[in-house]
Amino acid sequence: DLEIAIKVVIVGNGAVGKSSMIQRYCKGTFTKDYKKTIGVDFLERQIECEGEDVRLMLWDTAGQEEFDAITKAYYRGAQACVLAFSTTDRDSFDAIHSWKLKVEDECGEIPTVLVQNKIDLMDQSVVDPEEADLLSRALGCRLLRTSVKEDVNVNTVFRHLASRCLAE
Ligand code: GDP
Ligand code: MG
């Protein structure tokens, strides 16, 4: 039977945990070593969603976030998007809006989820929970709080996007 493939782009400032999230979801591993790139364009995972076989292709950026050099090829054909920031990095939170615009420029309106990662470091938080809620409402996308390190809510992010895509 038919298999649905969904290209998902994960965007946000460097070091918020994008590569870690992809690795966690697709390989079940987590490392503390800061890696600039996972060395491939994307990793994938197959799931069942609403009775359908769905293949999620999670595209990673090769650490060029700070150079604004992410190519159009990276965004091309993306059907879903993760906007990620870190609990302990104010700049990454403030940059979310511009990341959203960049993706929208290339892909138009696609199912998008706002992710606040590193909630295991909530005691060092530089983002007010209410601010995060307000931003998610302003952007019109759901906010999910994750810890890739402790494997909290990571599956929920991609399950949510898959079902949003199937509903379209
Ligand atoms: P990227 O630049 O957005 O791809 O970020 P990375 O995935 O390379 O992660 C940057 C650093 O944050 C690495 O040292 C990760 O181990 C760490 N990291 C990622 N997710 C979490 C998390 O949920 N909690 C904590 N404490 N550290 C994390
Ligand atoms: Mg990375």
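Residues numbered from 1 in each chain as written. Chains lettered and ligands numbered in written order. Predicted model: local features only at pLDDT ≥ 70, side-chain atom pairs only at ≥ 80, totals over all residues. Heavy atoms only, no water.

A separate point is a negative patch on the surface. A grouping of Glu48, Glu50, Glu52 and Asp53 is seen on the molecular surface, where their side chains present a negatively charged patch. Structurally, the position occupied by Glu50 is in the loop between strand S2 (42-49) and strand S3 (52-59). The exposure class of Glu50 is exposed, given its relative accessible area of 58%. (Patch = residues over 30% accessible without salt bridge, like charges linked within 9 Å, V, L, I, M, F, W, Y side chains within 5 Å. Areas by Shrake-Rupley, 256 points an atom, 1.4 Å probe, with all protein chains shown as cover. Salt bridge = Lys/Arg side-chain N within 4 Å of Asp/Glu carboxyl O. Lys, Arg positive; Asp, Glu negative; His and termini not counted. Charge placed at Lys NZ, Arg CZ, Asp CG, Glu CD. Helix = DSSP H or I, 4+ residues; strand = E, 2+ residues; numbered from the N terminus. Buried < 20%, exposed > 50% of the residue type's maximum accessible area, 1.4 Å probe, protein only.)

What follows is about the packing of aromatic side chains. One pass over the full model with this rule turns up 5 aromatic pairs. Each ring, one from Trp59 and one from Tyr74, has its centre 6.5 Å from the other, and the planes form 70°; the classification is edge-to-face. Of this pair, Trp59 sits in strand S3 while Tyr74 sits in helix H2 (residues 72-75); the two residues are 15 residues apart in sequence, bridging distant segments of the chain. An identical accessibility class is assigned to Trp59 and Tyr74; each is buried. When the centroid spacing of 5.3 Å and the interplanar angle of 70° are considered together, the rings of Tyr74 and Tyr75 count as edge-to-face. Overall, Tyr75 belongs to the buried group, its relative accessible area being 3%. Following the ring pairs from residue to residue traces out a cluster consisting of Phe42, Trp59, Tyr74 and Tyr75. Directly above the ring of Trp59 sits Lys7, whose terminal nitrogen or CZ lies 3.9 Å from the centroid. The ring of Trp99 is capped by Lys102, whose NZ or CZ atom sits 4.2 Å from the centre of that ring. (Phe/Tyr/Trp six-rings, centres within 6.5 Å; stacked < 30°, edge-to-face > 60°. Lys NZ or Arg CZ within 6 Å of the ring centre and 35° of its normal.)

What follows is about the packing of helix H1 (residues 18-27) against helix H6 (residues 154-166). What describes two packed helices is the angle between their axes and the distance between those same axes. Remark: H1 packs on H6, axes separated minimally by 10 Å, with the N-to-C direction vectors making an angle of 85°. Between H1 and H6, the angle is such that the two are roughly perpendicular. Facing H1, whose interface residues are Met21, Arg24 and Tyr25, H6 presents Val154, Asn155 and Phe158. Across the contact of H1 with H6, the residue classes break down as 4 nonpolar, 1 polar and 1 charged. (Axes fitted to C-alpha atoms, helices over the stretch in contact; angles between N-to-C directions. Parallel < 35°, antiparallel > 145°, perpendicular 65-115°, else oblique. Contact = heavy atoms within 4.5 Å. Nonpolar A, V, L, I, M, F, W, Y, C, P; charged D, E, K, R; others polar.)

Glancing now at the pattern of salt bridges. Here the idea is simple: oppositely charged side chains can pair when their charged atoms come close. For the structure shown, the criterion picks out 7 salt bridges. Two residues, Arg145 and Asp133, come together in a salt bridge whose shortest N-O distance is 3.6 Å. Highlighted residues: Arg145 in strand S6 (residues 142-145) and Asp133 in helix H5 (residues 129-139), separated in sequence by 12 residues. The class for Arg145 is partly exposed, based on a relative accessible area of 24%. For Asp133, a relative accessible area of 29% gives the class partly exposed. Residues participating in the shared-partner salt-bridge network are Glu3, Glu44 and Arg55.

Fair warning: the whole summary comes from geometry, so function is off the table for now.
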